[in-house]
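The chain contents come next:
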Amino acid sequence: MSERWTTAVLDTAQPGGWAVARSSQGFLCNAQGVLFERDWLRQQPIDVLTEHGIGHFDGRPVYLLELRSPDAPDGCHWQGLRQFMLEGDFQVYRMLGYAAQIGTWAREHRFCGSCGGPTLQVPGERAMHCARCELRSYPRISPSMIVLVTRGDEVLLARSPRFVPGVYSTLAGFAEPGESAEDCLRREVMEEVQVSVRNIQYIGSQCWPFPHSMMLGFHAEYAAGEIVPQLDEIEDAQWFRIDALPALPAGRSIARHLIDLYVGRRSGLPEPVLPG
Ligand SMILES: NC(=O)c1ccc[n+]([C@@H]2O[C@H](COP(=O)([O-])OP(=O)(O)OC[C@H]3O[C@@H](n4cnc5c(N)ncnc54)[C@H](O)[C@@H]3O)[C@@H](O)[C@H]2O)c1
Ligand SMILES: [Mg+2]
Ligand SMILES: [Zn+2]
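Overview of the structure. All values reported here derive from a predicted model rather than from experimental measurement. (Residues numbered from 1 in each chain as written. Chains lettered and ligands numbered in written order. Predicted model: local features only at pLDDT ≥ 70, side-chain atom pairs only at ≥ 80, totals over all residues. Heavy atoms only, no water.)

1. Side note on the overall build of the chain
Each helix and strand counted, the chain has five helices and 16 strands in total. Once the C-alpha set of the chain is aligned to its principal axes, its extents read approximately 60 × 45 × 35 Å. Sequence separation of at least 24 residues holds for 62% of the intrachain contacts in the chain that already meet a minimum separation of 6. Approximately 13,900 Å² of the chain is accessible, and the part contributed by carbon and sulfur atoms is 51%. Between the mean site of the 25 positive side-chain charges and the mean site of the 33 negative ones, the chain shows a separation of 3 Å. (Helix = DSSP H or I, 4+ residues; strand = E, 2+ residues; numbered from the N terminus. Contact = heavy atoms within 4.5 Å. Areas by Shrake-Rupley, 256 points an atom, 1.4 Å probe, with all protein chains shown as cover. Lys, Arg positive; Asp, Glu negative; His and termini not counted. Charge placed at Lys NZ, Arg CZ, Asp CG, Glu CD.)

2. Notes on the site of ligand 1
Around ligand 1 lies a shell of 19 residues, among which Ala172, Glu192, Trp208, Ser213 and Ala255 are the nearest. Ser213 has a polar side-chain atom sitting 2.8 Å from an oxygen atom of ligand 1. A total of 860 Å² of accessible area belongs to ligand 1 in isolation, and the protein chains cover 65% of it. When residues of the shell around ligand 1 are traced back to their parent elements, those giving at least two are β11 (142–151), β13 (171–174), α4 (181–193), β14 (196–208), β15 (213–224) and α5 (254–267). (Near = heavy atom within 4 Å. Polar contact = N/O pair within 3.5 Å; in protein donor to acceptor, adjacent residues only side chain to side chain.)

3. Things to note about the coordination of the zinc ion (ligand 3)
Surrounding the zinc ion (ligand 3) are the protein donor atoms Cys112 (SG), Cys115 (SG), Cys130 (SG) and Cys133 (SG), at 2.3 to 2.4 Å. With four donor atoms in place around the zinc ion (ligand 3) and angles of 96 to 118 degrees between them, the coordination shape is tetrahedral. Motif for the zinc ion (ligand 3), donor spacing along one chain: C-x2-C-x14-C-x2-C. The class of Cys130 is buried, set by a relative accessible area of 0%. (Donors = N, O, S within 2.8 Å, 3.2 Å for Na, K, Ca; no water. Tetrahedral: all angles 85-135°; square planar, octahedral: opposite > 155°, others 65-115°. Buried < 20%, exposed > 50% of the residue type's maximum accessible area, 1.4 Å probe, protein only.)

4. Quick word on the packing of aromatic side chains
This model, assessed by the stated rule, comprises eight aromatic pairs. Taking 5.0 Å as the distance between ring centres and 70 degrees as the angle between the ring planes, the aromatic pair formed by Tyr168 and Phe240 counts as edge-to-face. Placement of the pair is Tyr168 in the loop between β12 (154–159) and β13 and Phe240 in strand β16 (residues 236–241), with a sequence separation of 72 residues. Assigned by exposure class, Tyr168 and Phe240 land together as buried. (Phe/Tyr/Trp six-rings, centres within 6.5 Å; stacked < 30°, edge-to-face > 60°.)

5. Considering the coordination of the magnesium ion (ligand 2)
Listed as protein donors to the magnesium ion (ligand 2) are Ala172 (O) and Glu192 (OE); their distances from the metal cover 2.2 Å. Highlighted residues: Ala172 in strand β13 and Glu192 in helix α4, separated in sequence by 20 residues. For Ala172, a relative accessible area of 28% translates into the label partly exposed.

6. Quick word on the sheet that holds strand β9 (residues 128–130)
The antiparallel open sheet is built from three strands, whose spatial order is β8-β9-β10. Here the strands that pair on one side only, and so sit at the sheet edges, are β8 (119–121) and β10 (136–137). Strand direction decides the pairing type here: β8 and β9, joined by three bridges, are antiparallel. If you follow Leu120 over to β9, its bridge partner there is His129. (Pairing = 2+ DSSP bridges.)

7. A word on α5
Between its first and last C-alpha, α5 extends 20 Å over 14 residues, near the 20 Å set by a 1.5 Å rise per residue. Listed as buried for α5 are Ile254, Ala255, His257, Leu258, Ile259, Leu261, Tyr262, Val263 and Gly264. Remark: Gly268 follows α5 within two positions and exhibits a positive phi of approximately 70 degrees. (Expected span 1.5 Å × (residues − 1).)

Here it is, written out as structure tokens:
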């Protein structure tokens, strides 16, 4: 099956194609959706900060217009990326996730981080270039580890104060310089709940464009320790039996996949597939 969405570096000097537009309020939508005729959209009273050619949807070129202000043309409204993750066409979400990461990066790399000079897009490559000192800046991706810690028929789930009320999830955290994914996993689990783990098994990965995480997903077995939630970061953490789980994260998240996969394996149910 051919992919509906594929990335590419397109020349913004070419006319035509589709455009998606992003502001601090999310993506511009109208009754037809999130893809606009680019030549039409560019004539609307919108304030474009930067434009990038980002790929093809159903074979047609797609450009991102990153806007300075969230003034929407008549008949249009804004929708946040999370809403696209939660519902609707997954290929559209993939496209917008990529657009959001490119938009964030382009917005944050208009000036060179080394000498402060202005940067320009490199033709044919996803990079910003500083003519003054030759530095190239590429889109930022932050490796993050996520793990379901298990103990027989129990799983360790925790709540951050930022979560929707009632929802418990797997433990996660950003990798630091100098660590392997396994080092990061052991450190994060120890920091967040003071539990040690063994038999770490890699399950799979997921792009998480909020704003630029690359989630590396694992299962690990409990080894030792009593749960002590980390002050400020972890509001509550508990062992839950797999037949008495709390409210869980969104269906398309790797957190949910790690839980569903373990429950499936323990219960002899068909194994779920990670959306990707
Ligand atoms: N897809 C999923 O299922 C899923 C589930 C849980 C978490 N996540 C994501 O995993 C990532 C990490 O999880 P977390 O929030 O628990 O991380 P964490 O436990 O490392 O704690 C977050 C803190 O890390 C620091 N931080 C922020 N950005 C950083 C970066 N790029 N590098 C290093 N440190 C940084 C900040 O102080 C922040 O408050 C987040 O992006 C989160 O959205 C995804
Ligand atoms: Mg964390
Ligand atoms: Zn420079």
